[in-house]
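Inside the fold
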Amino acid sequence: MPLELDYEVAGLGDDAVDYLAAWDLQRRVHEAVVAGTRPDTVLLLEHPPVFTAGKRTDAHERPADPGGADVIDVDRGGKITFHGPGQLVGYPIVTLPDHVKVVDYVRRVEEALIAVCADFGVTTARVPGRSGVWLQADHRGPERKVAAIGIRVSRGVTMHGFALNCDVDLGWYDRFVPCGIADAGVTSLSGELGHDVTVADVLPSVRRHLSAYLSWHPYTATPDYDARPEPGRGPRIELVRPGA
């Protein structure tokens, strides 16, 4: 049976959650999960427009004109990305079993999002060397990312998570180089399908597939696309020593 995760919809649409408020909420939930007073939890929400810069972000990768959005330094690994309306953000705050390595956890989240995209008729996969979920290069353009992933693990419990572009305004991505990758694009489910796919539309699929892949059972991975190097290191992961 899939793992019984506690899903909390923290705020969508007009109730989108300020990034710093959501970060505080993550920390409170993380403390409770670590203490064993709360079950593994997935926070689902939208943010108002905001750029978040991971620990590997270089100065030139920050937006010269952020369009009125905040640029916030965060404690996950990786580089800079964007969050905003029309993008489902998920923060799984879950205890990693002893036999599950951090990279396996990241791959399971990616696999869940690949399955979500497939539910809507969009074929995606991983690009080895680059985190997230991608569409293959075709007549419409180069490889393009539809979902980003960046995590932190502290005391065996995960934080941060994923962002799935549903009907987000892709114009925001013209203001910076997403994740420091200049030779690929960014897309959304709506942009690929030619009709609106909203955050509300994808919620049931996200819940179903996350619960399945985070049940820690063996699974058959989607075949990867060709490997491509990502600037710096690989997936946006930050590990913290016990007690940190």
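Being a predicted model, the structure only gives us computed values, none of them experimental.

1. Observations regarding the UniProt feature "site: Lowers pKa of active site Cys" (unreviewed entry) in the protein
Mapped onto the present numbering, the UniProt feature "site: Lowers pKa of active site Cys" (unreviewed entry) falls at Lys-145. Relative to the helices and strands, Lys-145 resides in strand β9 (residues 144–154). Overall, the relative accessible area of 8% leaves Lys-145 in the buried class. Of note is the side chain of Lys-145, whose polar atom sits 3.3 Å from the backbone oxygen of Ser-131.

2. So, the nonpolar core
Residues Tyr-105, Leu-164, Val-202 and Val-206 are the most contacted members of the largest nonpolar core, which totals 39 residues. Breaking this core down by element, the ones donating at least two residues are β2 (41–45), α2 (102–119), β8 (130–135), β9, β10 (157–165) and α4 (199–213). Here this core takes 10 residues from α2, the largest share from any one element. Among the nonpolar cores identified, the runner-up in size contains 17 residues, and Leu-25, Val-33, Val-50 and Ala-163 belong to it.

3. Thoughts on the packing of aromatic side chains
A complete count under the given rule lists nine aromatic pairs for this structure. Where Tyr-105 meets Trp-216, the ring centres are 6.5 Å apart and the plane angle is 45 degrees; that geometry is what we call tilted. Placement of the pair is Tyr-105 in helix α2 and Trp-216 in the loop between α4 and β12 (236–240), with a sequence separation of 111 residues. In this structure Tyr-105 comes out as buried when scored by relative accessible area, which is 0%. A relative accessible area of 13% means that Trp-216 is categorised as buried. Here a set of aromatic residues connected by ring pairs shows up, and it is made of Phe-51, Phe-82, Trp-172, Tyr-173 and Phe-176.

4. Brief notes about the environment of Trp-216
Along the chain, Trp-216 and Leu-44 lie 172 residues apart, while their C-alpha atoms are 21 Å from each other. Engagement of the side chain of Trp-216 in a polar contact is seen with the backbone oxygen of Leu-214, the distance being 3.2 Å.

5. Comments concerning the pairing of strand β1 (residues 6–11)
Strand direction decides the pairing type here: β1 and β2, joined by five bridges, are parallel. Looking at the pairing, Glu-8 lines up with Leu-43 of β2. In this fold, β1 hands off to helix α1 (residues 19–35), which returns the chain to β2; that crossover is right-handed.

6. Observations regarding unusual backbone geometry
Here Arg-155, not a glycine, exhibits a phi torsion of approximately 55 degrees, which is positive. Along the polypeptide, Arg-155 turns up in the loop between β9 and β10.

7. Re the pairing of β9
By the criterion of burial, β9 is predominantly enclosed, with 11 of the 11 residues buried. By the bridge criterion, three bridges tie β8 to β9 in an arrangement that is antiparallel. Among the inter-strand pairings, Trp-134 is bridged to a residue of β9, identified as Lys-145. In this structure, β9 lies alongside strand β11 (residues 185–186), joined through two bridges in parallel fashion. Residue pairing in the sheet places Arg-144 in a bridge with Gly-185 of β11. Across eight bridges, β9 lies against β10 in antiparallel orientation.

8. What about α4?
Helical geometry note: an α-helix holds 3.6 residues per turn, so side chains three or four residues apart project in the same direction. Between its first and last C-alpha atoms α4 spans 20 Å; for 15 residues at 1.5 Å apiece the expected length is 21 Å, and the two agree. Maximal helix bending in α4 amounts to about 30 degrees, located at Ser-205. Of the positions making up α4, those classed as buried are Val-199, Val-202, Leu-203, Ser-205, Val-206, His-209, Leu-210, Ser-211 and Tyr-213. Close packing links the buried residues of α4 with β1, β2, β6 (87–93), α2, β10 and α3 (189–193).

9. Remarks on the environment of Leu-20
Summarising the element assignment, Leu-20 is placed in helix α1. On the basis of relative accessible area, Leu-20 is assigned to the partly exposed category, the value being 43%. For the pair Leu-20 and Ile-72, spaced 52 residues apart in sequence, the C-alpha separation works out to 8.6 Å.

Conventions we followed
- Residues numbered from 1 in each chain as written.
- Predicted model: local features only at pLDDT ≥ 70, side-chain atom pairs only at ≥ 80, totals over all residues.
- Heavy atoms only, no water.
- UniProt positions renumbered as here; feature names shortened; annotations may be inferred.
- Helix = DSSP H or I, 4+ residues; strand = E, 2+ residues; numbered from the N terminus.
- Buried < 20%, exposed > 50% of the residue type's maximum accessible area, 1.4 Å probe, protein only.
- Polar contact = N/O pair within 3.5 Å; in protein donor to acceptor, adjacent residues only side chain to side chain.
- Core = buried A, V, L, I, M, F, W, Y, C linked by side-chain atoms within 4.5 Å.
- Phe/Tyr/Trp six-rings, centres within 6.5 Å; stacked < 30°, edge-to-face > 60°.
- Pairing = 2+ DSSP bridges.
- Right-handed = clockwise from strand over helix to strand, strands pointing away.
- Expected span 1.5 Å × (residues − 1).
- Bend = angle between axes of the 7 residues up to and from the residue.
- Contact = heavy atoms within 4.5 Å.

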